[in-house]
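# Structure assessment
Chain by chain, the residues:
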Amino acid sequence: EPEVTQTPSHQVTQMGQEVILRCVPISNHLYFYWYRQILGQKVEFLVSFYNNEISEKSEIFDDQFSVERPDGSNFTLKIRSTKLEDSAMYFCASQGGRPPDTQYFGPGTRLTVL
Amino acid sequence: KNEVEQSPQNLTAQEGEFITINCSYSVGISALHWLQQHPGGGIVSLFMLSSGKKKHGRLIATINIQEKHSSLHITASHPRDSAVYICAVSWRSSGDKLTFGTGTRLAVRP
């Protein structure tokens with residue numbers, strides 16, 4: 001069964017460093033999302049992406065964040081200058097059909113900022 | 001503010017028991033999702049509902065649009081059902097992003 005994959009599974013970085021989290025959505029899916037979950041808290045929406053552009057972003061998704069679909073298969077989330085409070089589990093999700101439709105989640109990348 | 005509330009927060013059951021987890025939301029939705037999150041953190045989609053009832057194996061999800069309420073039932077619960085169950089909605093007013101509840105942590109004892 002097709003699945004969403006994410007790399008790395010765990011990333012440790014120093015405050016102020018740039019990180020890139022990578023996702024490979026399910027092939028032929030058209031809608032892509034990033035969510036995050038701070039330890040012990042609920043999952044929060046960051047950004048949605050369709051037709052090679054951001055369709056919606058949350059207040060969390062400030063100028064430090066960016067997303068890209070560089071090659072038609074990968075979907076990346078970049079954090080330019082990490083802060084301690086960026087430490088969280090980051091989930092990528094993809095969706096095949098027009099909303100509303102089932103979103104398929106990747107296994108997550110645990111980001112730890114020291 | 002658009003909110004999703006779940007109850008109970010924690011639930012412990014004996015193997016074989018019938019389990020119900022509830023979700024309520026504040027305004028109109030385009031769809032409601034039930035998700036399962038395992039201890040390792042991964043999230044699996046169980047159901048997406050916009051009306052009525054869906055069944056998959058021992059899991060049943062129902063939604064009452066008028067009352068803005070959904071339930072997830074697990075029949076004949078098993079220790080492998082132990083996980084966090086999360087309700088999430090996409091609001092009719094704001095596209096396809098999901099707004100998540102805080103989750104219900106279920107432990108099923110043998």
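For the structure itself, look to the data block above.
Residues numbered from 1 in each chain as written. Chains lettered and ligands numbered in written order. Predicted model: local features only at pLDDT ≥ 70, side-chain atom pairs only at ≥ 80, totals over all residues. Heavy atoms only, no water.

### Observations regarding the sheet that holds strand β8 (residues 75-79) of chain A
Residue and element names in this part refer to chain A. Taken together, 4 strands build an open sheet; the order of strands is β1-β3-β8-β7 and the sheet is antiparallel. Each having just a single partner strand, β1 (5-7) and β7 (65-68) make up the two edges of the open sheet. Within this sheet the neighbouring strands show an average axis-to-axis angle of 20°, counted without direction. In the sheet, β7 pairs with β8 via 4 bridges, with the strands oriented antiparallel. Considered in β8, the bridge of phenylalanine 65 is made with isoleucine 79. (Pairing = 2+ DSSP bridges. Helix = DSSP H or I, 4+ residues; strand = E, 2+ residues; numbered from the N terminus. Axes fitted to C-alpha atoms, helices over the stretch in contact; angles between N-to-C directions.)

### A look at the interface of chain A and chain B
Taken together, the contact between chain A and chain B spans 19 residues of the former and 21 residues of the latter. The junction of chain A with chain B conceals about 1,600 Å² of combined surface from both sides, 60% of it contributed by carbon and sulfur atoms. A salt bridge links lysine 97 of chain B to glutamate 56 of chain A, with the shortest nitrogen-to-oxygen separation between them at 3.2 Å. Taken together, the links from chain A to chain B amount to 5 residue pairs in polar contact (both at pLDDT 80 or more). At the level of elements, β4 (31-37), β5 (44-50) and β9 (88-95) of chain A are the ones that each hand at least two residues to the side of chain A that touches chain B. With 4 residues, the top contributor of residues to the side of chain A that touches chain B is β4 of chain A. Of the residues assigned to the side of chain A that touches chain B, the class counts are 11 nonpolar, 5 polar and 3 charged. (Contact = heavy atoms within 4.5 Å. Buried area = accessible area lost by both parts, 1.4 Å probe. Salt bridge = Lys/Arg side-chain N within 4 Å of Asp/Glu carboxyl O. Polar contact = N/O pair within 3.5 Å; in protein donor to acceptor, adjacent residues only side chain to side chain. Nonpolar A, V, L, I, M, F, W, Y, C, P; charged D, E, K, R; others polar.)

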